[in-house]
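Secondary and tertiary structure notes
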Protein chains: 2
Amino acid sequence: MGHEWCSTRRRSAPVDEFSALGSEALQALREELRKDYAHFQDRGLKLDLTRGKPSAEQLDFSNELLGLPGAQDFKAADGTDTRNYGGLHGLPELREIFSPLLQVPVDQLLASDNSSLSLMHDLVMHAMLFALPGGETRWVDVQRPAFLCPVPGYDRHFSICEKFGIEMIPVEPTEDGLLDIDEVERLAASDPRIKGIWLVPKYSNPTGVTVSDRTAERLAGMTTAAPDFRIFWDDAYSVHHLTDHRVTVAPIVQLCAEAGKADRVFVLGSTSKITFAGAGVSFLGSSPANLQWYLGHIAKRTIGPDKTNHLRHVRFLQDSEGVQKLMERHRDNLAPKFAKVQEILAAELGGTGVASWTEAFGGYFISLDVLDGTASEVIRLAKEAGIALTPAGSTYPYGKDPRDRNIRLAPSFPPVADLDTAMRGVVLCVKLAAVEKLLEG
Amino acid sequence: MGHEWCSTRRRSAPVDEFSALGSEALQALREELRKDYAHFQDRGLKLDLTRGKPSAEQLDFSNELLGLPGAQDFKAADGTDTRNYGGLHGLPELREIFSPLLQVPVDQLLASDNSSLSLMHDLVMHAMLFALPGGETRWVDVQRPAFLCPVPGYDRHFSICEKFGIEMIPVEPTEDGLLDIDEVERLAASDPRIKGIWLVPKYSNPTGVTVSDRTAERLAGMTTAAPDFRIFWDDAYSVHHLTDHRVTVAPIVQLCAEAGKADRVFVLGSTSKITFAGAGVSFLGSSPANLQWYLGHIAKRTIGPDKTNHLRHVRFLQDSEGVQKLMERHRDNLAPKFAKVQEILAAELGGTGVASWTEAFGGYFISLDVLDGTASEVIRLAKEAGIALTPAGSTYPYGKDPRDRNIRLAPSFPPVADLDTAMRGVVLCVKLAAVEKLLEG
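Residues numbered from 1 in each chain as written. Chains lettered and ligands numbered in written order. Predicted model: local features only at pLDDT ≥ 70, side-chain atom pairs only at ≥ 80, totals over all residues. Heavy atoms only, no water.

You'll find chain A entered in an unreviewed UniProt entry as Aminotransferase class I/II-fold pyridoxal phosphate-dependent enzyme, with Actinospica acidithermotolerans given as the organism.

Right under this line is the structure:
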């Protein structure tokens, strides 16, 4: 089973049912859908599918953390008093737990505070003001620095680029929905302004796709016009499986080192979707030179991360296997929600020819492509029926989806019953918007 | 009792005993001191007076935090689930506790993560890349931006300036050891490059001096050449009293607003020396426009601070009075240590004419001035006798004390017995370095 195939499956509609309908049949369908929509609207719902937030039930799995490490427990394994200043690298025993999961040697892995987004932001912000190892200038002195942005992608990555005036160059997926590595290689080699690429290598946000071993090798070894090109390898869903098949990605830190390009990659991770969202711990893995650069700068910012939270997580998770066991509870909770969404999408949109969607092996999202030019309208209709969806275009740089068709569905937060209701509303909106569009054209 | 006077007292030596000695007597004294020093060195000690770290005993006062908020306690007063994403301002009930202590209205006070140093760093870093309210350019486009740095001061403030290439302009204290507000006014008005001033307004690091009400008014109202001048009001020791006399400072946010210069000040605070150092919570208070600027930028960095740590602190501290009560325990622990240092300094250096030092009403430090040109030598001698002192010059910008005389003593961390030993070593080094110097000259 190849990695490319197994990482995501796209349910294309086999029959173009809607477009095969005559004008009269379409009009009749529109009337029917308008009635259904009006009824749905009358229910006065308030449902939210916007963000990849864990549900209260998922957070409950880690409630033990709220009483840990316990009133007399504050010494780390090496005798460090976690209540006092210091320890810029983070607690060694926490880094040991996550080293195999993130595939970064423990001495090249830092443990930090409650947000990997903050780490990514700070890396970019520091690169703006201080030349990276291998770089000749700070990015603030580059005329229009740029990043490659595989689309659809994660809006918070794009917000960082936008904040710092870094031009975003979208990279569309291949026909199979995979990272277009040919295009990435071509672009990275073409222009020294191009300083980096955002990637969620496993169970990506939002398509659930995983970078294959061969693609990872090419990313690690490719020629880049910028000497300070960096892969922001946001391994946000490293252990977030939804099936028995635990998808793996290649150990990118090792691949880059083997390719003689050790400084090429920053690996990011966090426990926001393992323990508590916003009260967990985060990780940065990279080459010794990159870490020295980062630590040198960050040492002026902080005397160290919150080590009691590190210890709290060590006591709770215990070891790498403890993390995997906890993730099985998440999977048991999430898999039925994802299945519910798939079931409704297949039953209601299968064969209509007006939608396709991903079925991921892990992660937090389903990426739904509706009829071109109707995503904004679907989101508007859903909103007016009390269902909040991620704003149209948010999976694209600058919020601009050129085909206005992508919608990110986040099934984790609502209870299954609400999710069922919300999805029945969503598919109704998808169909109604499609029929209106077809009748227009 | 005026604020100026009560905030610090400097024990000048009344008699210049050493310099009154003839060459022969000095030589005899040198021999004696060399012998004492050799004996001291033979003890093979390892003591540390470098940093303002709380002791293990002090940290024990907050051990209850290690088991809080408790396994089923995660809801904030407004129903927020602290385990999930969101809440950029920080938990309202935590901000309410610290609002009166930092003298910032609660709706102008943010609660953040484990480090006020990080807040200061991020404010400066963002000002480098994004024009502040009232500012015409970002600081990175200013030819040599500069900050006023009252000396002796806090080395970590200076490190932030150095990191970003912000020129530091030292401001020497008045003869009474107070902030030279005349000079600050003169400099701030003289040059639009001057973008800010570092201040620890109460029980300052390292001299223990407090800004008087009148000086605060002048800071709030003064004319500055830069439209985006900012006071970094680092209220690190707002409740860190060492005597019954709880020194107060003026409410600077209010003063600035009243002076029509609401955007002039950033107030910083943290619980690093209230609960746990590096595992506490931090605060930023400022004008609505400044906070909007900051939150707008920081929203791309984080989805919110660690709210479970906020709740943990709320449960433990309960209210403002709870903070004051906790600080009394710290005072009971620290006051004997500070008294011990004062006792040894007075007994051993009083009347020698080769040292003067501060006696603070609060805070974490004693600022010791030794004979001009001998501070580095004292620190070297101490090091060779196993006593670590803060590096020479560290209380000055660029680590350069022009008179090579200031030493920051941090009595909090060692147990009293160790402190006694260390201080006996320090005074010996002070005397020996002085006698050698006097014999040279």
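Quick word on empty space enclosed by the protein
Applicable threshold: Only protein atoms enter the 1 Å grid used here, on which a cavity is any set of points holding a 1.4 Å probe that cannot leave and a pocket is any open set flanked by protein within 12 Å on both sides along at least five of seven lines; residues with an atom within 4 Å of a point are listed as lining. Grid points are joined across faces, edges and corners, and a volume is the space filled by probe spheres set on the points. We count a stretch as a helix when DSSP gives it H or I for four or more residues in a row; a strand needs E for two or more, and each element gets its number in order from the N terminus.
Enumeration according to the criterion identifies 10 cavities of 30 Å³ or more in this entry. Along the walls of the largest cavity sit 36 residues, with Asp113 and Arg301 of chain A together with Asp113, Ser118 and Arg301 of chain B positioned nearest its centre. Of all the secondary-structure elements, those providing two or more residues to the lining of the largest cavity are strand 3 (109-112), helix 6 (116-129), strand 9 (282-285) and helix 11 (288-298) of chain A together with strand 3 (109-112), helix 6 (116-129) and helix 11 (288-298) of chain B.

Digging into the domain arrangement of chain A
Residues and elements named next belong to chain A. Our working rule: Each domain's extent was defined by an automatic or database domain assignment. Contacts are assigned to residue pairs that have any heavy atoms within 4.5 Å of one another. Accessible-area loss on putting two parts together, using a 1.4 Å probe and summing over both, is the definition of buried area adopted here.
Per the domain assignment, the segments of chain A are domain 1 (4-59 + 325-440) and domain 2 (72-319). Once you take the C-alpha centre of each, domain 1 and domain 2 turn out to be 30 Å apart. Contacts between the two partners involve 33 residues from domain 1, matched on the other side by 42 residues from domain 2. Around 3,300 Å² of area is buried between domain 1 and domain 2 when both sides are counted, 61% of it from carbon and sulfur atoms.

Remarks on the pattern of salt bridges
To be explicit about the condition: Whenever a carboxyl oxygen of Asp or Glu lies within 4 Å of a side-chain nitrogen of Lys or Arg, that contact is scored as a salt bridge. Residue burial is assigned from relative accessible area. The probe radius is 1.4 Å, only protein chains are included, and a residue is buried under 20% of its type maximum, exposed over 50%, and partly exposed in between.
Within this structure, the stated rule accounts for 56 salt bridges over all chains. We note a salt bridge from arginine 83 of chain B to aspartate 60 of chain A, for which the minimum N-O separation is 2.7 Å. Taken together, the residues span two chains, with arginine 83 of chain B in the loop between helix 4 (56-60) and helix 5 (92-102) and aspartate 60 of chain A in helix 4 (residues 56-60). A relative accessible area of 1% means that arginine 83 of chain B is categorised as buried. On the basis of relative accessible area, aspartate 60 of chain A is assigned to the partly exposed category, the value being 38%. What you see here is one network of salt bridges that share partners, running through Arg30, Glu31, Arg34 and Glu436 of chain A.

A few points about unusual backbone geometry
Residue proline 152 of chain A follows valine 151 of chain A across a cis peptide bond; omega there is -10 degrees. Cis geometry is adopted by the peptide bond preceding proline 206 of chain B, which originates at asparagine 205 of chain B and carries an omega value of 10 degrees. By the element assignment, proline 206 of chain B lies in the loop between strand 6 (194-199) and helix 9 (213-221). With phi around 55 degrees, glutamine 103 of chain B is a residue other than glycine that occupies positive phi space. Examined against the element boundaries, glutamine 103 of chain B turns out to sit in the loop between helix 5 and strand 3.

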